[in-house]
Amino acid sequence: NPAGRPVLYMHLDFGFIRWPAGAERVARQRNLRVIVPVRAGYGRTDHHPKGVDHLHGVTADYLAILDWLGIRRVAILALGADLRFALNLSLQREGLVGGILGCAAQLPLRTAAQYDRMDKWQRFILANARYAPKVLPFLVQAGFSLARRMGKEKFFAQVNGGSAADMEAFARPEVREALLAGSEVTLSEKILAHHAFARECIGSEKDWSALVRAAVVPVVLLQGDQDPQTPAQTIRELMGDYPHLDVRFVPNTGQLLFFAEWPMALDILERFLPRR
């Protein structure tokens with residue numbers, strides 16, 4: 001609803017800009033104005049100029065869009081490591097962000113063992129993002145080319161096949177449709193956003209723990225018990241560093257937690273929004 005209560009949705013490095021159709025209908029019924037900026041380098045958007053810090057460039061883009069729309073108060077729904085953008089945005093302007101909900105959120109990792117727990121695709125990409133960032137863009141370009149040849153459905157099975165919960169969610173027609181249509185800004189016949197994806201991965205693997213510790217707004221994290229990228233054991237290890245976070249584990253969910261459990265997510269977002 002263009003006149004509804006603002007929710008800023010952050011689309012993950014895969015560019016999942018669409019919600020399941022049922023979630024979009026309920027968002028309208030709940031009088032939500034869901035704002036989905038397509039980040040730099042995805043779809044038809046330009047890359048940031050050379051030398052612009054990625055975290056600050058993305059945050060500045062979000063601020064510019066919210067200002068252009070005249071929004072003074074917003075709730076944030078962030079997927080994965082997009083949590084860092086949400087936290088940074090909340091620190092840039094006091095009173096702008098009412099609260100943050102992270103779904104299958106990634107926290108800044110500390111040890112090699114935490115990478116070792118990931119499934120093979122996630123470990124291969126993110127470990128290289130951290131330890132060999134100069135090589136990563138070439139690896140990602142090769143992976144994206146493979147995905148284009150295989151087709152996105154088969155490629156998703158390769159990437160998230162280790163999570164039964166994710167495969168179960170992807171088998172739902174509304175979820176599959178949302179992911180395939182939404183990711184057109186990342187991978188399609190005319191778009192190959194491998195540079196943007198690589199830059200996002202490199203940014204996610206830097207140490208942004210200071211942002212988490214500095215959180216000044218309510219933060220709720222919904223975490224899956226079958227997340228191939230951020231296993232529950234890793235989240236439990238990191239929770240001790242951030243006692244101010246409200247972390248909740250959701251059974252039988254993985255990286256697609258929001259797409260599988262969007263009713264739960266929207267219920268939580270309500271606490272960060274003005275009453276209808």
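Just above sits the structure.
Rules and cut-offs
- Residues numbered from 1 in each chain as written.
- Predicted model: local features only at pLDDT ≥ 70, side-chain atom pairs only at ≥ 80, totals over all residues.
- Heavy atoms only, no water.
- Helix = DSSP H or I, 4+ residues; strand = E, 2+ residues; numbered from the N terminus.
- Rg over C-alpha atoms; globule rule 2.2 N^0.38 Å.
- Buried < 20%, exposed > 50% of the residue type's maximum accessible area, 1.4 Å probe, protein only.
- Contact = heavy atoms within 4.5 Å.
- Salt bridge = Lys/Arg side-chain N within 4 Å of Asp/Glu carboxyl O.
- Right-handed = clockwise from strand over helix to strand, strands pointing away.
- Pairing = 2+ DSSP bridges.

Colleague: Explanation requested: the overall build of the protein chain in the structure shown.
Modeller: Looking only at helices and strands, the protein chain features 14 helices and 6 strands. By the compact-globule yardstick of 19 Å for 276 residues, the protein chain fits well, its C-alpha radius of gyration being 17 Å. In terms of overall dimensions, the protein chain has a C-alpha envelope of 45 × 40 × 40 Å along the principal axes. By residue count, 55% of the 276 residues in the protein chain fall in the buried class. Within the protein chain, contacts between residues separated by at least 24 positions form 80% of all contacts whose residues are at least 6 apart in sequence.

Colleague: Explain the pattern of salt bridges here, please?
Modeller: When the charged atoms of two side chains with opposite charge come close together, those side chains can pair. Within this structure, the stated rule accounts for 14 salt bridges. Where aspartate 267 meets arginine 30, a salt bridge forms, and the shortest distance between an N and an O atom there is 2.6 Å. Here the residue aspartate 267 occupies a position in helix α14 (residues 262-269), and arginine 30 occupies one in the loop between α1 (21-29) and β2 (32-35), the gap between them amounting to 237 residues. Here the salt bridges share partners, and the residues they tie into one network are Arg5, Arg30, Asp267 and Glu270.

Colleague: Just to check I follow, could you spell out the pairing of strand β4 (residues 97-103) for this structure?
Modeller: Moving residue by residue along a regular strand, the side chains alternate between the two faces of the sheet. Burial analysis of β4 places 7 of its 7 residues in the buried class, which makes it a mostly covered element. What joins strand β3 (residues 74-79) to β4 is helix α3 (residues 83-92), and the crossover it makes is right-handed. Here β4 runs beside strand β5 (residues 219-224); their pairing, made up of 4 bridges, is parallel. Across the sheet, residue cysteine 103 finds its bridge partner in β5, namely leucine 222.

Colleague: What's the story with unusual backbone geometry in this structure? I'm lost.
Modeller: The bulk of non-glycine residues show a negative phi, and the bulk of peptide bonds are trans. Within the chain, leucine 12 stands out as a residue other than glycine whose phi angle is a positive 70°. Within the element layout of this structure, leucine 12 appears in the loop between β1 (5-10) and α1. Relative accessible area serves as the criterion here: at 7%, leucine 12 is assigned to the buried category. With a phi close to 65°, asparagine 31 is a non-glycine residue in the positive phi region. By secondary structure assignment, the location of asparagine 31 is in the loop between α1 and β2.

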